[in-house]
Amino acid sequence: MIKTLRKNAKYFYFLFFLVIITFVFWGVGTVDKPKVDYVAEVEGEKIYADKFWRNYEEIRRFYREIFKEKADEMEKGLKERVLEDLINEEVLLWLAKKYDIEATEREIQDAIVNDPRFMRNGVFQKDIYFQILKLNRLNPAQYEASLKRNITIGKTLQVIASSKGESEISDEAYIKAYLNAIKSKMKIKINKEALS
């Protein structure tokens, strides 16, 4: 048997060489690049791709329902607008943390109890609350965390708007200019690969 192996060694080396070449070209044994799952990073806080695409599709669906044949025109630059909105949210949350602005448990509770979707005959119904969350594939902790985030963002926007004083500029224009000034000093990284 050893004589046979020695006799056919050149074929064995040739076969071995083919296997190595195959692995090299197929990438077997190489370290794959990690999949990038975020579209942007704001001061270390990642904006994940699934959130970006969920928001993007939600707005597209809204445009198609409302604007019908003009939806294509409305969608121009939509990716950029969605990304800017998500970045602005992270900037607002960063500011909220910096200045200790946070939604209180009472504000969250009031928002839930006074939400007309959870009411029947003007009264909050706990069973309807749980049913609607279940239909939307949310548990109360997820919904309340989202609500806390939104209330915190709203409070931060109010603080920014109130800081403009007697200026003639609109609140919206002032907030936009304020956020742009803050963003210019922040570490913001956009991952263009994840947007294509």
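Thresholds, definitions, all that
- Residues numbered from 1 in each chain as written.
- Predicted model: local features only at pLDDT ≥ 70, side-chain atom pairs only at ≥ 80, totals over all residues.
- Heavy atoms only, no water.
- Pairing = 2+ DSSP bridges.
- Helix = DSSP H or I, 4+ residues; strand = E, 2+ residues; numbered from the N terminus.
- Axes fitted to C-alpha atoms, helices over the stretch in contact; angles between N-to-C directions.
- Contact = heavy atoms within 4.5 Å.
- pLDDT = per-residue confidence, 0-100.
- Parallel < 35°, antiparallel > 145°, perpendicular 65-115°, else oblique.
- Nonpolar A, V, L, I, M, F, W, Y, C, P; charged D, E, K, R; others polar.
- 1 Å grid on protein atoms, 1.4 Å probe; cavity = no way out; pocket = protein on both sides within 12 Å on 5 of 7 lines; lining within 4 Å.
- Points joined across faces, edges and corners; volume = space filled by probe spheres on them.

**Some details on the sheet that holds strand E1 (residues 38–42)**
- One open sheet accounts for three strands, arranged E2-E1-E5; its pairing is antiparallel. Two strands close off the open sheet at either side, each with one partner strand: strand E2 (45–48) and strand E5 (188–190). Taking each pair of neighbouring strands and ignoring which way they run, the sheet shows an average axis angle of 20°.
- Here E1 pairs with E5 via three bridges, running antiparallel. Bridge pairing in E5 links Glu41 to Lys189.
- Packed on one face of the sheet, helix H5 (residues 78–98) meets E1, E2 and E5 and runs near 35° to E1.

**Observations concerning the confidence of the model for the protein chain**
- Looking at the protein chain as a whole, its pLDDT mean stands at 83, while 82% of the residues score no less than 70.
- The least confident element of the protein chain, judged by mean pLDDT, is helix H2 (residues 9–26) at 41; the most confident is helix H6 (residues 105–113) at 96.

**Considering the packing of H6 against helix H8 (residues 140–162)**
- Close contact between H6 and H8 brings their axes to 10 Å; oriented N to C, the two are set at 110°. By the angle between their directions, the pair H6 and H8 is classed as roughly perpendicular. Contacts between H6 and H8 involve Glu107, Ile108, Ala111 and Ile112 from the first element and Tyr143, Glu144, Leu147, Lys148, Ile151 and Lys155 from the second.
- When grouped by side-chain class, the residues that make up the contact of H6 with H8 number six nonpolar, no polar and four charged.

**Looking at the pairing of E2**
- For E1 and E2, the ladder comprises four bridges, and the chain directions are antiparallel. Each bridged residue has a counterpart across the sheet, and for Ala40 the counterpart in E2 is Ile47.

**A short note on the layout of surface pockets**
- Considering only enclosed or pocket space, the largest pocket measures out at about 700 Å³ in volume.
- Lining the largest pocket are 19 residues, and of these Lys51, Arg54, Asn55, Glu58 and Ser146 lie nearest its centre.
- Among the secondary structure elements, those contributing two or more residues to the lining of the largest pocket are helix H3 (49–67), H5 and H8.
- Its residues placed into classes, the lining of the largest pocket shows seven nonpolar, four polar and eight charged.
- Of the voids in this model, the second largest pocket is the one considered here, and its volume is about 350 Å³.
- Along the walls of the second largest pocket sit 14 residues, with Glu90, Leu93, Trp94, Ala96 and Lys97 positioned nearest its centre.
- Contributions of two or more residues to the lining of the second largest pocket are made by H5 and H8.
- When residues in the lining of the second largest pocket are grouped by element, the largest group, five residues, is from H5.
- Of the residues in the lining of the second largest pocket, the class split is six nonpolar, one polar and seven charged.

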